[in-house]
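Each chain, written out:
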Amino acid sequence: MFKMRIVRIVSELDFGGVEKVLANTIPSLQNDDVINVQVIVLGKGGVISSELMRRGFNVQVLGANPRIPNLKLLFRLRTLLKIFKPHVVHTQGSEANFHGIWAARIAKVPVIIGEEIGIPNHHSYWKWIFKWVYQKADYIVAISEAVKKHIIGLGEVKNEKVRVIYNPVDLAFNKQVVNGEVVNESLAFNKKEEDTFVFVTTCRLVPIKNLERLILVFKELIFSNLGKNIRLDIIGDGPEKEKLEELVISKGLSEKIRLLGFQTNVIAFLHESNVFVLPSFTEGSSVSLAEAMVAGLPSIVTKNGGASEILGNSESGILVDPTQSGSIHKAMQKMLDHSQATREEMGLRAQKESLRFSIDSYIKKLLEIYKS
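Notes on the pairing of strand β4 (residues 88–92)
Of all five residues in β4, five are buried; the element is thus mostly enclosed. The alternating pattern of β4 places V88, H90 and Q92 and V89 and T91 on opposite faces, both of which are buried. Pairing analysis gives five bridges linking strand β1 (residues 4–10) to β4, with the strands arranged parallel. Each residue of the ladder has a partner; that of I6, found in β4, is V88. Sheet analysis places β4 next to strand β5 (residues 111–116), joined by five bridges and oriented parallel. Looking at β5, one finds that V89 is bridged to I112. Handedness of the β4-helix α4 (residues 94–106)-β5 crossover: right-handed.

Dropping the structure here:
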């Protein structure tokens, strides 16, 4: 029986959107009878790589500097690919695309797929570099129509080479399991009425997520609603963590804003929240938003990039201009003023819309490209 060998190449495998995609899909993609998947991490591993290895999946962490260009890394990849002899190489992210696609072409891999995981901010030099790299790939996966439009507009790739596949989310994610028992799979806001209204965001703590502005807007929201008890939970880790912690303290918001760090059980926090908010300067296709929709949360998200495509026609969220504090403030105030019934209706529509992002649907579309 023919057994397809697939190599997935990523820059890092700690936590974040790309990492969640691999964590959600590698177990479903791996089929010992017909498909073997090998993951190569160019730089550092972490939470997700350790978890996949613990579960018996093939993950090799190179611990190299993935910064473009690293010729030593390139030829190391070429050697590994010649040993693995994959039928398909699928790379994700700029550093992985540059080194992985090039190495796969040198190693004469039959099918080479690159994936653009966000809205790239490439200047003229980098546009030419990635145009050259993408010419060596058979297909380029874009995680939203917005990403596809952007990379085509940059002149990096032709329209006929791009395939749009939205990031998947585990639809069972909404089931909170304690001691082997499902204890909560209801809508997030169908909890007992409480005094505290909670906004929540889950993301990497990096500048593009626009969290500094969100914190400052939330301070103004507090003063606009002195009669209400509101809180902002920020879940995630990253290079901006200390800076954000200092901002919260300096603004006297320690009792109103919680920076909770990386959490393995995000669903528990979503179930304790009322509204998801993510005012990023741009989003390619937010896994965090899709998870919030699965959990039944209405949302406030950036209008830039592919977030609006995730919401679809569900009318379950409010799009905001991430550069305008007033736009974010107005949306948060509107969610506060909505009745619980209105937010519940929005959450039900969000859950229905989230069915589009099942892992099975993602794997089916991916395999169509792998086998082409």
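Section: the sheet that holds strand β2 (residues 35–41)
The strand order across the open sheet formed by seven strands is β3-β2-β1-β4-β5-β6-β7, and the pairing between neighbours is parallel. Edge positions in the sheet fall to β3 (58–61) and β7 (162–164), since each of these pairs with one other strand and no more. The average angle at which neighbouring strand axes cross in this sheet is 20°, direction not considered.

As for the side chain of S316
Considering the arrangement of structural elements, one finds S316 in the loop between α11 (307–311) and β15 (317–320). Here the side chain of S316 touches S314 through a polar contact of 2.7 Å, side chain to side chain. When neighbours within four sequence positions are excluded, S316 is seen to be in contact with M293, P298, S299, L311, M346, R349 and A350.

A word on the packing of helix α3 (residues 71–84) against α4
α4 packs onto α3 with a crossing angle of 50° between their chain directions and a minimal axis gap of 8 Å. Judged by the inter-axis angle, α3 sits oblique to α4. Pair α3 / α4 crosses with right-handed handedness. Contact residues: L71, L73, L74, L77, R78 and L81 in α3; H99, G100, W102, A103, A104 and I106 in α4. Of the residues assigned to the contact of α3 with α4, the class counts are nine nonpolar, two polar and one charged.

Some points on the environment of N274
The topology assignment puts N274 in the loop between α9 (266–271) and β13 (275–278). As a C-alpha pair, N274 and M335 span 61 residues in sequence and 8.9 Å in three-dimensional space. Only 2.8 Å separates the side chain of N274 from the backbone nitrogen of V198, close enough to count as a polar contact.

Describing the pairing of β13
Because side chains alternate across β13, one face comprises the buried residues V275 and V277, and the other comprises F276 and L278, equally buried. In this sheet, β13 lies alongside strand β10 (residues 196–202) in parallel orientation, the contact comprising two bridges. Within β13, the residue paired with F199 across the bridge is V275. Looking at chain direction, β13 and strand β14 (residues 299–302) are connected through three bridges and run parallel. Across the sheet, the residue bridging to F276 is S299, located in β14. Handedness of the crossover joining β13 and β14 through helix α10 (residues 287–294) is recorded here as right-handed.

Some thoughts on the pattern of salt bridges
Working definition: two side chains of opposite charge can pair if their charged atoms are close together. This structure, assessed with the given rule, holds eight salt bridges. The residue K209 makes a salt bridge to E283 at a minimum N-O spacing of 2.5 Å. Of this pair, K209 sits in the loop between β10 and α7 (211–224) while E283 sits in the loop between β13 and α10, and the two are 74 residues apart along the sequence. Residue classification places K209 among the buried positions, given a relative accessible area of 14%. Its salt-bridge partner being K243, residue E212 comes within 3.5 Å of it at the nearest N-O pair. Note that E212 is positioned in helix α7 and K243 in helix α8 (residues 241–250), a separation of 31 residues in sequence. When its relative accessible area of 35% is taken as the criterion, E212 is described as partly exposed. Each of R231, D233 and R258 takes part in salt bridges that share partners, so that together they form one network.

Rules of the game
Residues numbered from 1 in each chain as written. Predicted model: local features only at pLDDT ≥ 70, side-chain atom pairs only at ≥ 80, totals over all residues. Heavy atoms only, no water. Buried < 20%, exposed > 50% of the residue type's maximum accessible area, 1.4 Å probe, protein only. Helix = DSSP H or I, 4+ residues; strand = E, 2+ residues; numbered from the N terminus. Pairing = 2+ DSSP bridges. Right-handed = clockwise from strand over helix to strand, strands pointing away. Axes fitted to C-alpha atoms, helices over the stretch in contact; angles between N-to-C directions. Polar contact = N/O pair within 3.5 Å; in protein donor to acceptor, adjacent residues only side chain to side chain. Contact = heavy atoms within 4.5 Å. Parallel < 35°, antiparallel > 145°, perpendicular 65-115°, else oblique. Left-handed = near helix turned anticlockwise from the far one by under 90°. Nonpolar A, V, L, I, M, F, W, Y, C, P; charged D, E, K, R; others polar. Salt bridge = Lys/Arg side-chain N within 4 Å of Asp/Glu carboxyl O.

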